[in-house]
Amino acid sequence: MLLNKYVDNALDTTFPVFVDEALVGEVLAFMQKGGLECAPVLHDGQITAMVTLMDLLPFEQSIKTKGARLSELKLEQVQSIGFEEHIFDIFSRIRTFPSPLIPVSAEGGRYAGVIEKRVLLERIAAIFHLGEEAVTLELDVPSFDLKLSEVIAALEKNDATVLSFGMYPATPDGEGVVLTFRIQTYDLFRLVKNLEKYGYSIRYTSPPVKEKDDEMREKALEFIRFMEM
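Residues numbered from 1 in each chain as written. Predicted model: local features only at pLDDT ≥ 70, side-chain atom pairs only at ≥ 80, totals over all residues. Heavy atoms only, no water.

1. Examining the sheet that holds strand E1 (residues 18-19)
Taken in spatial order, the three strands of this open sheet run E1-E2-E3, and their pairing is mixed. The open sheet has two edge strands with one neighbour each: E1 and strand E3 (46-52). One ladder, built from six bridges, connects strand E2 (residues 38-43) with E3; its direction is antiparallel. Paired with Val-41 across the two strands is Ala-49, which belongs to E3. (Pairing = 2+ DSSP bridges. Helix = DSSP H or I, 4+ residues; strand = E, 2+ residues; numbered from the N terminus.)

Structure (structure tokens):
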């Protein structure tokens, strides 16, 4: 999903900004009055930094810096994210933005507004269905014999709907992989037992939702053990 397909309702174009020639004292007073923890700093319409209240407070009592400008402070340089970027490509850079706000730039690099870091993370979580509407299932699979289509087919054969999935190495030396699925199923217990019959190694499943499900599963396990005897 490109950012411009999602950002319309999330982009704040009215959040206060300062040019880098603004006086430190005036910026500090404005931020204190407005209860702002941080704000974008622009130079020729492009983002250069995010000034924070903590950057400015050391100069509150300093007479020498009353006439100082933001450009004279050694503020940490920040980048922006662009409208034409995919939110998955942005994800690896989210941690590089120190403040809870991420500046967004339009074509040509001109500042367009800010978006909350929290909003982007929530959107990514929604895409991968990390909420309560799904459960997690992890399988240990040998990497040399991995056929993802077969695994998904096995899940769907047992009335599970695959909402999203990922994979990571099972061990530090890279032997085998772990497939992590977010799925919807009306009977996770039945699904797990059938996958084990197919020879799949279950690494993790989400815990049961209700206590009564535990009782039913225990009774089912006892019955299965009895039949195996």
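After that view of the structure, there is still more to cover.
2. Considerations on helix H6 (residues 188-197)
Taken together, the buried positions of H6 are Leu-188, Phe-189, Leu-191, Val-192, Asn-194 and Leu-195. The residue sitting at the N-terminus of H6 and contributing the capping side-chain oxygen is Asp-187; that oxygen lies 3.3 Å from the backbone nitrogen of Phe-189. Where H6 ends, the next residue or the one after it, Gly-199, has phi of about 100°, a positive value. (Buried < 20%, exposed > 50% of the residue type's maximum accessible area, 1.4 Å probe, protein only. Polar contact = N/O pair within 3.5 Å; in protein donor to acceptor, adjacent residues only side chain to side chain.)

3. Describing the confidence of the model for the protein chain
Looking at the protein chain, pLDDT values average 86 and 86% of them are 70 or higher. Considering each helix and strand of the protein chain separately, the mean pLDDT is smallest for helix H7 (residues 211-228), with a value of 52, and largest for E1, with 97. (pLDDT = per-residue confidence, 0-100.)

4. Observations concerning unusual backbone geometry
One non-glycine residue with positive phi stands out, namely Asp-44, at about 55°. Structurally, Asp-44 is set in the loop between E2 and E3. You will see that His-129, though not glycine, has its phi angle at about 55°, which is positive. Structurally, His-129 is set in the loop between helix H4 (117-127) and strand E7 (135-141).

5. Remarks on the sheet that holds strand E8 (residues 161-169)
Within the open sheet, the four strands sit side by side as E8-E9-E7-E10. Their pairing is antiparallel. At either end of the open sheet lies a strand with only one pairing partner, and these are E8 and strand E10 (201-205). On average, adjacent strands in this sheet sit at an angle of 25° to one another, irrespective of strand direction. In this structure, E7 lies alongside E10, joined through four bridges in antiparallel fashion. Bridging from a neighbouring strand, Leu-137 pairs with Thr-205 of E10. Running over the sheet, helix H5 (residues 148-157) touches E7, E8 and strand E9 (177-184) and is turned about 35° from E9. (Axes fitted to C-alpha atoms, helices over the stretch in contact; angles between N-to-C directions. Contact = heavy atoms within 4.5 Å.)

6. Focus on the pattern of salt bridges
In this structure the tally under the stated criterion is eight salt bridges. With its nearest N and O atoms 2.5 Å apart, the salt bridge here joins Arg-93 to Glu-85. Looking at Arg-93, the relative accessible area reads 25%, which means it is partly exposed. A salt bridge links Glu-122 to Arg-118, with the nearest nitrogen and oxygen atoms 3.2 Å apart. (Salt bridge = Lys/Arg side-chain N within 4 Å of Asp/Glu carboxyl O.)

7. Some details on the environment of Ser-99
Following the sequence through the fold, Ser-99 ends up in the loop between helix H3 (87-91) and strand E5 (101-105). Overall, the relative accessible area of 5% leaves Ser-99 in the buried class. Through-space distance from the C-alpha of Ser-99 to that of Thr-52 is 8.2 Å; in sequence the pair is 47 residues apart. Contact partners of Ser-99, with chain neighbours within four places excluded, come to Cys-38, Met-50 and Lys-117.

8. Notes on the nonpolar core
The nonpolar side chains of a soluble globular protein tend to be buried with one another. One finds Phe-18, Val-27, Met-31, Val-51, Leu-56 and Leu-70 to be the most contacted residues of the largest nonpolar core, which totals 25 residues. Listed by contribution, the elements that provide at least two residues to this core are helix H1 (24-34), E2, E3 and strand E6 (111-116). Those residues in contact with Val-27 that sit more than four places away from it in its chain are Phe-18, Ala-22, Leu-56 and Leu-70. (Core = buried A, V, L, I, M, F, W, Y, C linked by side-chain atoms within 4.5 Å.)

9. Topic: the packing of aromatic side chains
Considering all chains together, one arrives at three aromatic pairs under this definition. The interplanar angle of 85° and the centroid separation of 5.7 Å between the aromatic rings of Phe-18 and Phe-30 together place this pair among those described as edge-to-face. Taken together, the residues Phe-18 in strand E1 and Phe-30 in helix H1 connect sequence positions 12 residues apart. The class of Phe-18 is buried, set by a relative accessible area of 10%. Among the residues examined, Phe-30 registers a relative accessible area of 44% and is labelled partly exposed. Their ring planes at 25° and their centres at 5.3 Å tell us that Phe-88 and Phe-128 sit as a pair that is stacked. Of the two residues, Phe-88 sits in helix H3 while Phe-128 sits in the loop between H4 and E7, which places them 40 residues apart along the sequence. (Phe/Tyr/Trp six-rings, centres within 6.5 Å; stacked < 30°, edge-to-face > 60°.)

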